[in-house]
Amino acid sequence: EGLEGQTLRRRLVSGATLVFFTAGYAGKRFVFERAAQLGIRSVVIEHPDSWARSLVHEGLIAKFLPVDMSQSAEKVLND
């Protein structure tokens, strides 16, 4: 608990990879900014024309994986 616990948690997440399935709306950008500040490598799985796509070029996320969410799950898995 307290400062010791917070320091430990921050050390544990630094360098971790976290996958986000959909980025939400653009107002959620702060989530990716904070994750980057904490040293978390974020991967976003989202519709190809999502606002989050540009976050790779800005260095806030490590990878953007475009997936057409209008397809069936079977089609997505087979592509």
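Provided above is the structure to which this section pertains.
Residues numbered from 1 in each chain as written. Predicted model: local features only at pLDDT ≥ 70, side-chain atom pairs only at ≥ 80, totals over all residues. Heavy atoms only, no water.

Peer 1: Would you mind going over helix α1 (residues 2–13) with me for this structure?
Peer 2: An α-helical turn contains 3.6 residues, so a residue and the one three or four places further along point in the same direction. The end-to-end C-alpha separation of α1 is 17 Å, in line with the 16 Å expected for 12 residues at 1.5 Å each. Two residues or fewer past α1, Gly15 is found with a positive phi of approximately 90°. (Helix = DSSP H or I, 4+ residues; strand = E, 2+ residues; numbered from the N terminus. Expected span 1.5 Å × (residues − 1).)

Peer 1: Would you explain the sheet that holds strand β3 (residues 63–66) in this entry?
Peer 2: Sheets are built from strands paired through backbone hydrogen bonds, the pairs being either parallel or antiparallel. A sheet is described by the order of its strands in space; here 3 strands give the open sequence β1-β2-β3, paired in parallel fashion. With one partner strand each, in any of the chains shown, β1 (17–21) and β3 form the two edges of the open sheet. Taking each pair of neighbouring strands and ignoring which way they run, the sheet shows an average axis angle of 15°. Both β1 and strand β2 (residues 41–46) contribute to a ladder of 5 bridges, which runs parallel. Counted as the bridge partner of Thr17 is Arg41 from β2. (Pairing = 2+ DSSP bridges. Axes fitted to C-alpha atoms, helices over the stretch in contact; angles between N-to-C directions.)

Peer 1: How do you make sense of the nonpolar core when you look at a structure like this?
Peer 2: In terms of nonpolar packing, the biggest core is built from 9 residues, these being Phe20, Ala23, Phe32, Val44, Ala52, Leu55, Leu60, Ile61 and Phe64. Beyond its immediate stretch of four places on either side in the chain, Ala52 contacts Ala23, Val44, Ile61 and Phe64. (Core = buried A, V, L, I, M, F, W, Y, C linked by side-chain atoms within 4.5 Å. Buried < 20%, exposed > 50% of the residue type's maximum accessible area, 1.4 Å probe, protein only. Contact = heavy atoms within 4.5 Å.)

Peer 1: Help me out: how do you make sense of the pattern of salt bridges in this one?
Peer 2: Proximity of charged atoms lets side chains of opposite charge pair with each other. Applying the stated criterion to the full structure yields 3 salt bridges. With a closest N to O distance of 2.5 Å, Glu58 and Arg29 form a salt bridge. Here Glu58 is found in the loop between β2 and β3, whereas its partner Arg29 is found in helix α2 (residues 29–37), with 29 residues between them in sequence. Among the residues examined, Glu58 registers a relative accessible area of 41% and is labelled partly exposed. Exposure remark for Arg29: the relative accessible area of 28% places this residue in the partly exposed category. Of the charged contacts, one joins Asp79 and Lys75 as a salt bridge, the two residues approaching to 3.1 Å between their closest N and O atoms. The exposed category is assigned to Asp79, whose relative accessible area is 63%. By sharing partners, the salt bridges in this structure join Arg29, Glu33 and Glu58 into a single network. (Salt bridge = Lys/Arg side-chain N within 4 Å of Asp/Glu carboxyl O.)

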